[in-house]
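Analysis of the macromolecular model
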Amino acid sequence: MDPYQAAVIQGLEAAGVDYFLYVPGTPLAPIIDHFAKAEKTVLMPVAREEEGIGILGGLALGGKRPALMMQDNGLGNSQTALTTFAQAYHIPCLILSARRGGLGEINSAMHHFTEHVPQVLESLNIKTFRLGQELPPDQWRRQLPLAYEHSTITHRPVVVLMELD
């Protein structure tokens, strides 16, 4: 596990996340594996990103502290659920999204959508924070609980774009 993946785990644990939902993805595997073994966190795989938004919202409304992790190409699938459910009904949601389409990306299809993800989220008025590898892992660990709290204070979804390559 690299130090950035470890920082994501530490940040989510510091935020008190008790449900960890995810759409499977290779750069996310070490984080998923950690939460699969964690006793204090319920691990919940979801088949599609919009399904994850629905379950995430229901858990948040029920007083739980969930987080959803996916790859950023999946944010296209979740736009309707984000805007007509989570955003419209003021539901706090923390969504961690691993960036695709950067240097070393071998799947040419990823570049079309993923390079525009920040602008798409901005146009939808979805609050977005970016964690890049120009920041040390310790910054990532400290920023994730703050992003979670921002979501709960503002009663709206927050997406954290993470560059995990």
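Going by the structure above, here's the rest.
The sections below set out a description of the structure shown in this document.

A closer look at the nonpolar core
- Formed by 28 residues in total, the largest nonpolar core has its most connected members in Leu12, Leu94, Leu96 and Val160.
- Put simply, the parts of the chain that give this core at least two residues each are helix H1 (3-14), strand S1 (19-22), helix H2 (29-37), strand S3 (66-71), strand S4 (93-98), helix H7 (137-154) and strand S6 (157-162).
- No other element matches H1, which puts five residues into this core.
- Other than its neighbours up to four places away in sequence, Leu96 contacts Val8, Leu12, Leu68, Met69, Met70, Leu144, Val160 and Met162.
- Judged by nonpolar contacts, the second largest core, of 22 residues, contains Leu59, Leu82, Ile95 and Val159.

Overview of the environment of Met1
- Its place among the elements puts Met1 in the segment before H1.
- Taking the C-alpha atoms as reference points, Met1 and Ile153, 152 residues apart in sequence, are found 32 Å from one another.
- Non-local contacts of Met1, meaning those with residues more than four positions away in its chain, are made with Ala6, Ile9 and Pro30.

Analysis parameters
Every chain is numbered on its own, with residues counted from 1 as its sequence reads. Note on the predicted model: pLDDT of at least 70 is required for a residue's local features to be given, and 80 or more for side-chain atom pairs to be given and counted; whole-chain, interface and lining totals, by contrast, use all residues. Side-chain metrics in this entry use all non-hydrogen atoms of the structure; hydrogen atoms and water are not considered. In this description, a nonpolar core means a group of buried Ala, Val, Leu, Ile, Met, Phe, Trp, Tyr and Cys residues linked to one another through side-chain atoms lying within 4.5 Å. Each residue is placed in one exposure class: buried if its accessible area under a 1.4 Å probe, protein chains only, is under 20% of its type's maximum, exposed if it is over 50%, and partly exposed if it falls in between. Here a strand is any run of E in DSSP of at least two residues, a helix any run of H or I of at least four, and the numbering for each starts at the N terminus. It only takes one pair of heavy atoms within 4.5 Å for two residues to be counted as in contact.

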